Amino acid sequence: MKKILFILFAFLAFAKVNAQVLDPVKWTTTIEKKSETNYVLIFNAIIEKDWHVYSQFTPDGGPLPLEVIFKDQKGNFNLVGKAKESKTTTAYNDVFEVNETFFHDKAQIKQEITLLNPKITSVQVELNYQACKEVCINLEKKFTFKIPTTESAVTIVTTPVAAEKLDTAKVDTANTLTVVAKEIVTPVEKKVTELPKPSTEIGLWSIFFIAFFSGFAALLTPCVFPMIPMTVSFFTKQSKNKAAGIRNAIIYGVSIILIYVLLGFLVTWIFGADALNALSTNVWFNILFFILLVVFATSFLGAFEIMLPNSWANKVDSQADRGGIVGILFMALALAIVSFSCTGPIVGTLLVDAASKGGIAPIVGMFGFSLALALPFMLFAMFPGWLNSLPKSGGWLNTVKVVLGFLELALAFKFLSNADLVLQLHLLEREVFLVIWIAIFGTLAFYLFGKITLPHDSPIAHISVGRLSLGLLVLSFTIYLVPGLWGAPLKLISAFPPPMEYSESPLGVGRSNVGNASSTVLPEGAKLGPNQIIVFDDYDKGLAYAKMVNKPIMLDFTGHACVNCRKMENNVWSDVSVLPILKNEVVVISLYVDDKRPLPKSEQFTSKSTGAEIETIGDKWTDFMISKYNTNTQPLYVLTDLQGNNLNDKQPTISYVSIEEYYAWLKEGISKF
């Protein structure tokens, strides 16, 4: 379906971008004095129409988040908290499968600092960010904030291009300093139509439904389920008439919802919506979430119970005897406290997942969870006869709890995988992750078949049809995972395991060769890229190999966080007409412009094209793009001969296009080699 939509929109919305250096974001900066030692550095951006810039809080594994980097900070000044942002938009990205956060039209970043060195006269700041529409640009802008000597603010107006040297500096008045930077940016002349973005509501709706079904799961635990008939009977017997009983039960259900929604609100308010998102994408917090989920899972499996102090329950329970609405509210609070050993791990997991979405997601999640928890109490109070149809409490409730424990344990390794991917430790590669999941779900299947018992399980003479059916479903899922070890894509769980490239054997366990009719050992310096295409990420090594096999070169200027690069790879490169060409007729060299690994000191230089300091591998390839092809956008594809000359005359470079146009461009260039 995604492929069909991509092709449709590519035909309807496609427009070419002229090869030129683009800079769709214009910055101005201001410094405000708060006290003798504290200053606020303010960055204001105007973003061209149809473009957007990603926030600091866009999750890892998605597009490139904005970074605010301070030079020479140690001993000179401290940062007061994290940089604050103006209003952003959050939307689900189906390529990276994360909720990306971004600015459009305008943006403002504020960072307060405290001076430690009274002799400091300026603060050097660098902004690294990604701007996208149908192409993406990774940009670095450097600013100098002059520390004011008066109570007035100092305003710095800049239109820099990647560390461009300042040409002039004029003092307009005693209180205002204006700095004008040389601008070498060619304005965008041709409009590019952006593919439609999914609505923010999609992410919130997904959170709501996940939370809602989690609430039903919590309902079927030993801490909550037995309380349904007890609570409903209490309301129907203590109320003067049926209408009063229904009214009280509804108040009780609404009180449950209010308690959990208040919890979501407090989490969002105390930590801040953006801070939650930042924490959820942080390496060390991903590790912390992993540990928490393992603890929750161990509790569900029966090793121990996570309980709030009994004194809390006793105090709240005593208040429930007061009667009236206040008494009912305390009864709902008592339910939340008494059932915490079962609901706590589920609520904690939901809050962690909602935090990754940012915004009001924790509130939406708690509303969905509590709604599912409260509905049965209200419905059974309205129709007491339904109580007779409820299954009796028994060992099956503990089975539900254990199943949830296995699911928590499996989810925990997703967070550990996130941390491993960011740190690039290669400790939890795809094969290891899948083996762990196979072990977890395989053990769960044996448990459901009655072959394994856990501490709180009741003796069973036979298993029910429902339990057998669930066991067969889990066993089928476990068997489905196994081919993933041999390179199967496992599309049902594509968002969970590490990508195919992040593995010991990119083609699968036991396979180290590529090709169909004939196998070819990976050349030195090459790796398996998207769709199992042999790619080089170093230009010199790729060029040497191309000369050895006498094939044309396809330069792929890309980025780890480039959305439309992934779309081209997933939807165009994978096409049956294009893929054989990329595998057999060209040498693909993928140059990552957002590669932050530093170049050796001996290889660092100052760009002749932009004046920027070339310090990282990504800087090197960006400068190569700008100096050779007069553009800084990704994706960008170039076909060259072995001397670096373009093979396509009419259209030397190509970007985000349809399958047909990409195929025709490849065939034209290769025919001239």
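That block above? That's the structure.
This structure is a prediction, so every number in the text was calculated from the model and none was measured. (Residues numbered from 1 in each chain as written. Predicted model: local features only at pLDDT ≥ 70, side-chain atom pairs only at ≥ 80, totals over all residues. Heavy atoms only, no water.)

Participant: So what's going on with the state of the cysteines? Residues and values would help.
Facilitator: In protein structure, a disulfide is the covalent linkage between the sulfur atoms of two cysteines. Per the stated rule, a full pass over the model turns up 1 disulfide. One disulfide bridge connects C132 with C136, the sulfur atoms lying 2.1 Å from each other. Of note, the bridge from C132 to C136 carries an S-S torsion of about 115° and is right-handed in sense. By the burial criterion, C132 is buried, and C136 matches it. (Disulfide = S-S within 2.5 Å. Buried < 20%, exposed > 50% of the residue type's maximum accessible area, 1.4 Å probe, protein only.)

Participant: For the side chain of D457, give the residues involved together with the corresponding values.
Facilitator: Mapped onto the elements, D457 comes out in the loop between helix 12 (430-448) and helix 13 (465-481). No salt bridge is formed by the buried D457, whose closest oppositely charged neighbour, R467, lies at an N-O distance of 5.7 Å. Engagement of the side chain of D457 in a polar contact is seen with the side chain of N398, the distance being 2.8 Å. Residues in contact with D457, not counting those within four places in the same chain, are N398, V402 and Y447. (Helix = DSSP H or I, 4+ residues; strand = E, 2+ residues; numbered from the N terminus. Lys, Arg positive; Asp, Glu negative; His and termini not counted. Salt bridge = Lys/Arg side-chain N within 4 Å of Asp/Glu carboxyl O. Polar contact = N/O pair within 3.5 Å; in protein donor to acceptor, adjacent residues only side chain to side chain. Contact = heavy atoms within 4.5 Å.)

Participant: So what about the packing of helix 12 against helix 13? Which residues, and what values?
Facilitator: The axes of two packed helices give the description: the angle between them and the distance between them. In contact at an axis separation of 8 Å, helix 12 and helix 13 are set at 160° when each is read in the N-to-C sense. Here helix 12 lies roughly antiparallel to helix 13, going by the angle between them. For the pair helix 12 and helix 13, the crossing hand works out as left-handed. Of the residues in helix 13, those in contact with W437, I438, F441, G442, L444, A445, Y447 and L448 of helix 12 are R467, L470, G471, V474, L475, F477, T478 and L481. Across the contact of helix 12 with helix 13, the residue classes tally to 12 nonpolar, 3 polar and 1 charged. (Axes fitted to C-alpha atoms, helices over the stretch in contact; angles between N-to-C directions. Parallel < 35°, antiparallel > 145°, perpendicular 65-115°, else oblique. Left-handed = near helix turned anticlockwise from the far one by under 90°. Nonpolar A, V, L, I, M, F, W, Y, C, P; charged D, E, K, R; others polar.)

Participant: An account of the environment of S607 is needed here, citing residue identities and associated values.
Facilitator: Mapped onto the secondary structure, S607 falls in the loop between strand 20 (605-606) and strand 21 (613-614). The sequence separation of S607 and K620 amounts to 13 residues, and the corresponding C-alpha distance is 8.9 Å. Residues within four places of S607 in sequence aside, it is in contact with A612, I614 and D623. Within the structure, the side chain of S607 is placed 3.1 Å from the backbone nitrogen of S609, a separation counted as a polar contact.

Participant: Quick one: what's the story with the sheet that holds strand 23 (residues 653-654), residue by residue and with numbers?
Facilitator: To summarise the sheet geometry, strands pair through backbone hydrogen bonds and adopt either a parallel or an antiparallel arrangement. The mixed open sheet is built from 6 strands, whose spatial order is 16-17-19-18-22-23. This sheet does not close on itself; its edge strands, each paired only once, are strand 16 (526-528) and strand 23. Pairing of strand 17 (residues 534-536) with strand 19 (residues 587-592), which is carried by 2 bridges, proceeds in the parallel orientation. Across the sheet, the residue bridging to V535 is V588, located in strand 19. The strands touched by helix 14 (residues 539-549) are strand 17, strand 18 (553-558) and strand 19; relative to strand 19, the strand with the most contacts, the crossing angle is about 175°. Relative to the sheet, helix 17 (residues 617-629) contacts strand 18, strand 19, strand 22 (636-640) and strand 23, its axis offset from that of strand 18 by approximately 120°. (Pairing = 2+ DSSP bridges.)

Participant: Talk me through the pattern of salt bridges; I want residue IDs and the actual numbers.
Facilitator: If you walk through the whole model with that rule in mind, you get 9 salt bridges. Between D23 and K141 there is a salt bridge whose closest N-O contact spans 2.6 Å. Here K141 lies in strand 10 (residues 136-146) and D23 lies in the loop between helix 1 (2-13) and strand 1 (25-33), a separation of 118 residues in the sequence. Look at K141 and you get buried, because its relative accessible area is 1%. Linking K672 and E668 is a salt bridge whose minimum nitrogen-to-oxygen distance equals 3.3 Å. Residue classification places E668 among the partly exposed positions, given a relative accessible area of 26%.

Participant: Describe in detail helix 17, supporting the description with residues and values.
Facilitator: It helps to recall that an α-helix has 3.6 residues per turn; residues three or four apart then point in one direction. In a regular helix each residue adds 1.5 Å, so 13 residues correspond to 18 Å; helix 17 covers 18 Å between its end C-alpha atoms and thus fits that length. Judged by how many residues are buried, helix 17 sits mostly within the fold: 10 of 13 residues are covered. Looking one or two residues past helix 17, N630 carries a phi angle of roughly 55°, positive in sign. (Expected span 1.5 Å × (residues − 1).)

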